[in-house]
Amino acid sequence: MTPPRPLSQIERLAATISESATKLHRISAEKGVPLPSFEENAVFSIPSEALDAQDAILDATAELHDLLLDPMILIREHGGHNNSACLQAIARFNIAAMVPSEGRVGFNDIARQTGLSEDMVSRFLRHAMTMRVFCEPEPGMMLDALQRWPNSSEPSETGFSMASNSSASIYEVLASDAERAARFSNAMKAFSTTSVFYITHLTDNYDWASLGKVEVVDVGGAQGHVALELAKRFENLDIPVQDIYEVVRHAENQLPGEFKNQTRFLAHDLFAPQTLSADVFIFRWVLHNWSDEHCLRILRAQIPSLKPNARIVIQDGCLPAPGTIAHWQEKYIRSDDLTMASVFNPRERTADAWRELLLAADHRFMMNSVTRPRGSALAIMEVIWKEFN
Ligand SMILES: C[S@@+](CC[C@H](N)C(=O)[O-])C[C@H]1O[C@@H](n2cnc3c(N)ncnc32)[C@H](O)[C@@H]1O
């Protein structure tokens, strides 16, 4: 008879949780004490005889949770700066006092009372909900920079600007400081080593091979980490990379020699009319940091170069409806949304908001598909430039 397989760490933790939960349930029932719940009027009480079980469950669930998270996401979760920003916002704008006990209040009502935009109220509160603070029974119900510039969508009116004590946006800071620009670019590269941002989500989930011999411009492609991965996998692609001068000026030197015939670097401003008349334009993680007003300018700047049926592949955040994806993923995405707000002043968009944005830029931008590859934090949207008669 083969000896039993030793339990893995995951299985041991799961067994501890199961045994201790059974014990906690039994003792609470014997004592007539209700079990913990997220209900508004829930009483939180653990009988003293069950405190060991409570400890065991909390330690084992925390260990299991940490064990199953990508290490890069885990570090960010423990940093948790958006959790405290969110609680501070609730305190500073006295939002808790606006939510009636056992009643409901709309985001619009809170917006009116606080002077914040409804959009910003919903973003704070939906993030708070991922921390079990407040709940949204029906969809649509529910710090310094925000008070100084309520409703601004300008990148020069952010928490970053206040912290830098300057009226320069993060873009202007990066454009004037090669060292910080290179550090920012490296940070983007580092993000791509987190599983939810792997470049393979883009290389594996779009049919690059079937495009044939084409030119694919990586707009805002930093120092070419995405272009390089595409070049390695798809010999049929020529992939010029455009980004600001400070970012691309030394990028060529870092490119492995064998890919120099497939990739080159061009200083190009996103807002300037596109100069390359390519078959495909990639916007990977380039639009989510700009407000709608600025995105409209960026999209329209591509039009002079677009051939009929040219494709625009947008790989970017796509907010899910509340409660429709795993809780930890929703929390991560909503936390990202607040980080973006504090540094760049845009908003993360739902699929519908992306569609509306494209349509507002020009009715010839046709959203052909939106997919979110399993395990990816970013959706892939294929947009086709349709020239109508
Ligand atoms: C969030 S990063 C994404 C980088 C890369 N596409 C990726 O997927 O990792 C945004 C990029 O847009 C570039 N960018 C910002 N403003 C720009 C502008 N006005 N013109 C060109 N590139 C710009 C930044 O330098 C940066 O490389």
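Everything here concerns the structure above.
Because the structure is a prediction, the values reported are computed rather than measured. (Residues numbered from 1 in each chain as written. Predicted model: local features only at pLDDT ≥ 70, side-chain atom pairs only at ≥ 80, totals over all residues. Heavy atoms only, no water.)

A. Region of the structure containing helix α10 (residues 178–191). End to end, α10 covers 20 Å across 14 residues, agreeing with the expected 20 Å (1.5 Å per residue, within 8%). Buried residues of α10: Ala181, Ser185 and Met188, and no others. One side of α10 holds all its buried residues, which, seen down the axis, span an arc of 50°. Opposite the packed face of α10, turned more than 90 degrees from it, sit the exposed residues Glu179 and Arg183. Looking at the buried positions of α10, the neighbouring elements they touch are α9 (170–175), α12 (225–233) and α13 (245–248). By the N-cap criterion, in which a side-chain oxygen at the helix start approaches the backbone nitrogen of a residue two or three places on, α10 is capped by Asp177, the distance to Glu179 being 3.1 Å. (Helix = DSSP H or I, 4+ residues; strand = E, 2+ residues; numbered from the N terminus. Expected span 1.5 Å × (residues − 1). Buried < 20%, exposed > 50% of the residue type's maximum accessible area, 1.4 Å probe, protein only. Arc of directions from axis to C-beta. Contact = heavy atoms within 4.5 Å. Polar contact = N/O pair within 3.5 Å; in protein donor to acceptor, adjacent residues only side chain to side chain.)

B. Region of the structure containing unusual backbone geometry. Not every positive phi belongs to a glycine, and Arg132 is a case in point at roughly 70°. Its location among the elements puts Arg132 in the loop between α6 (118–130) and α7 (144–148). One non-glycine residue, Ala222, adopts positive backbone phi at about 55°. Along the chain, Ala222 turns up in the loop between β1 (214–219) and α12.

C. Fine view of the site of the ligand. Close to the ligand lie 16 residues; Gly220, His225, Asp243, Leu270 and Arg284 are nearest. His225 is positioned such that a nitrogen or oxygen atom in its side chain is 2.9 Å from an oxygen atom of the ligand. Contact between the ligand and Arg284: an oxygen atom at 2.7 Å from a side-chain N or O atom of the residue. In isolation the ligand offers 590 Å² of accessible surface; the protein chains occlude 94% of this area. Counted by class, the shell around the ligand contains nine nonpolar, four polar and three charged residues. (Near = heavy atom within 4 Å. Areas by Shrake-Rupley, 256 points an atom, 1.4 Å probe, with all protein chains shown as cover. Nonpolar A, V, L, I, M, F, W, Y, C, P; charged D, E, K, R; others polar.)

D. Summary view of the environment of Val313. For Val313, the location among the structural elements is in strand β6 (residues 311–316). As for Val313 and Glu382, which are separated by 69 residues in sequence, their C-alpha atoms are 4.8 Å apart. Leaving out residues up to four positions away in the same chain, Val313 has contacts with Leu202, Tyr206, Trp208, Val280, Phe281, Ile282, Phe283, Ile380 and Met381.

E. Highlighting the side chain of Ser28. Its location among the elements puts Ser28 in helix α1 (residues 9–31). A polar contact of 2.9 Å, which involves the side chain of Ser28, links it to the backbone oxygen of Leu24. Discounting residues that sit within four places of it in the chain, Ser28 has contacts with Val33, Leu35 and Pro47.

F. Molecular detail of the nonpolar core. If you look at the biggest cluster of nonpolar residues, it comprises 41 residues, and the most contacted ones within it are Phe283, Ile314 and Phe365. When near neighbours in sequence (up to four residues on either side) are disregarded, Phe283 contacts Val219, Leu270, Ile298, Gln302, Ile312, Val313, Ile314 and Gln315. The next biggest cluster of nonpolar side chains, apart from the first, holds 24 residues, and it includes Val214, Leu230, Phe234 and Val280. (Core = buried A, V, L, I, M, F, W, Y, C linked by side-chain atoms within 4.5 Å.)

G. Quick peek at a nonpolar patch on the surface. On the surface, Ile10, Leu67 and Leu68 cluster together to form a nonpolar patch covering roughly 260 Å² of accessible area. Following the sequence through the fold, Leu68 ends up in helix α2 (residues 51–68). Exposure remark for Leu68: the relative accessible area of 58% places this residue in the exposed category. (Patch = residues over 30% accessible without salt bridge, like charges linked within 9 Å, V, L, I, M, F, W, Y side chains within 5 Å. Salt bridge = Lys/Arg side-chain N within 4 Å of Asp/Glu carboxyl O.)

H. Region of the structure containing the pairing of β6. For β6, the buried fraction is high: five of the six residues fall into the buried class. Running through helix α14 (residues 292–302), the crossover from strand β5 (residues 280–284) to the neighbouring parallel element β6 is right-handed. Across six bridges, the pairing between β6 and strand β8 (residues 379–385) is antiparallel. From the neighbouring strand, Asp316 faces β8, where its bridge partner is Ala379. (Right-handed = clockwise from strand over helix to strand, strands pointing away. Pairing = 2+ DSSP bridges.)

Everything listed here is a matter of geometry and, on its own, says nothing about what the molecule does.
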